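Listed below, chain by chain, are the residues.
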Amino acid sequence: MSEQAPATVAVTGVTGALGSRIAARLAERGVPQLLVGRDPGRIPELPGAQRRGPAEYADAGAMRAALTGASTLVLISGHPTGRRLEEHAGAVEAGMAVGVERVLYVSLLGAAPTATYRNARDHWLTEQYLAGAGVRHTVFRAGFYASTPAALADDDLVVSGPGGDGRAAFVTHDNIADVITAVALDEGPRSEHDGATLEVTGPEALTLEEVVGRIAAATGRPYRYVPETVAEAFARRWRLGVGGVQIESWISWYQAIANGELSAVTDVVPRITGSAATPVERADWWPAPKTAW
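All values derive from a computational prediction rather than experimental measurement.

Here's the deal with the overall build of the chain
For the chain, the helix and strand inventory stands at ten helices and eleven strands. Rg of the C-alpha trace for the chain: 19 Å, near the compact-globule value of 19 Å for 293 residues, within the 12% margin. Of the contacts formed within the chain by residues at least 6 apart in sequence, a portion of 73% connects residues at least 24 apart.

Printed below as a string of structure tokens:
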């Protein structure tokens, strides 16, 4: 009897730090993939993978074409604050229309209707949609990326915001990719992770001063954290010409840390992957300053 061919996985966000890592891991394991993106020219070439696009979440026809042939969809969040629910739902419905049976959705730790962080409220809405969509799904609530403080730094490598002394369990892109890959490889009509919410965190909860200090040590560059009040943070961003919704998202990221809403440390990474979660200072990549602005 011939061995059954592995199911095809569609991965979105493959030009980004997380999607590219997931796609590379699946390719290493011989999984056939559809790599979906808005700019096909930026999609990586990987063994056993087809590049699909241009396809944006809001374009139902393009998403149906891009997802045709996939049974599992790895859905990485779109960017437009306040429109994520509509775009994510559109992508899922397009996939279901062409045979997608399972969705692996990357959400945020602390997602809730009253979450301090603006984007976490968006993610909670998508989670609620998936719960009623009639599709197999797993939600991965990822902690804040270990790389984000470096991306938030200004030209002088100063990270400023109202984070106080709160803690967060910063997690590397590699750890998140490892967890999602392991679940994606759990094929069959049922999985123990169907309907589950997996909270993916780093190995310890750190203050912003601590995490920025570790980034400085890892990179050999003088990153430092300077706490601000909410009023100071607002005024500085307003002077930079940032819009109101973006200011709310930006400041609420720090406030969520200050409130301890992302301080939980879980065993998901070692339990799912068999390897310990990676400390911040051992992350393999640091973005340039001001790239999260």
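Topic: the side chain of T278
Relative to the helices and strands, T278 resides in the segment after helix 10 (268-273). Judged by its relative accessible area of 17%, T278 is buried. Excluding anything up to four places from it in sequence, T278 contacts T172, N175, P203 and A283.

Points about the nonpolar core
Among the nonpolar cores identified, the biggest contains 35 residues, and F144, F170, L208, Y223, W253 and V280 are the most heavily contacted of them. Contributions of two or more residues to this core are made by helix 5 (148-152), helix 7 (208-219) and helix 9 (244-258). Broken down by element, the residue count for this core peaks at seven residues, all from helix 9. When sequence neighbours within four positions are dropped, the list of residues in contact with V280 reads A146, F170, L206, V211, R214, I215 and W286. L35, A142, I176 and V179 belong to the second largest nonpolar core, which has 30 residues in total.

Thoughts on the pairing of strand 9 (residues 197-200)
When a strand is regular, its side chains alternate between the sheet's two faces. Burial along strand 9 is one-sided: L198 and V200 are buried, while T197 and E199, pointing the other way, are not. Where strand 6 (residues 136-142) lies against strand 9, four bridges are found, and the strand directions are parallel. When the sheet's bridge partners are listed, R141 is paired in strand 9 with E199.

Some thoughts on the packing of helix 3 (residues 84-97) against helix 4 (residues 118-131)
One can describe the packing of helix 3 onto helix 4 by two numbers: an axis separation of 9 Å at closest approach and a directional angle of 30 degrees. Taken as a pair, helix 3 and helix 4 cross one another with a handedness that is right-handed. From helix 3, R84, L85, H88, A89, V92 and E93 reach across to helix 4, where they touch N119, D122, H123, L125, T126, Y129 and L130. In terms of residue class, the contact of helix 3 with helix 4 is built from six nonpolar, four polar and three charged.

A word on unusual backbone geometry
In the segment running from G53 into P54, the intervening peptide bond is cis, with an omega of 5 degrees. Relative to the elements of secondary structure, P54 occurs in the loop between strand 3 (49-52) and helix 2 (60-67). Its identity is not glycine, yet K290 carries a phi of approximately 65 degrees, on the positive side. The residue K290 is located in the segment after helix 10 in this model.

Overview of the packing of helix 1 (residues 17-28) against helix 6 (residues 173-184)
At a minimum axis separation of 9 Å, helix 1 and helix 6 run at an interaxial angle of 45 degrees. In this view, helix 1 runs oblique relative to helix 6, as classed from their interaxial angle. For the crossing formed where helix 1 meets helix 6, the hand is right-handed. Mapping the contact onto sequence places A17, L18, R21, I22, R25 and L26 in helix 1 and H173, D174, I176, A177, D178, I180, T181 and A184 in helix 6. Partitioning the contact of helix 1 with helix 6 into residue classes produces eight nonpolar, two polar and four charged.

Analysis parameters
- Residues numbered from 1 in each chain as written.
- Predicted model: local features only at pLDDT ≥ 70, side-chain atom pairs only at ≥ 80, totals over all residues.
- Heavy atoms only, no water.
- Helix = DSSP H or I, 4+ residues; strand = E, 2+ residues; numbered from the N terminus.
- Rg over C-alpha atoms; globule rule 2.2 N^0.38 Å.
- Contact = heavy atoms within 4.5 Å.
- Buried < 20%, exposed > 50% of the residue type's maximum accessible area, 1.4 Å probe, protein only.
- Core = buried A, V, L, I, M, F, W, Y, C linked by side-chain atoms within 4.5 Å.
- Pairing = 2+ DSSP bridges.
- Axes fitted to C-alpha atoms, helices over the stretch in contact; angles between N-to-C directions.
- Left-handed = near helix turned anticlockwise from the far one by under 90°.
- Nonpolar A, V, L, I, M, F, W, Y, C, P; charged D, E, K, R; others polar.
- Parallel < 35°, antiparallel > 145°, perpendicular 65-115°, else oblique.

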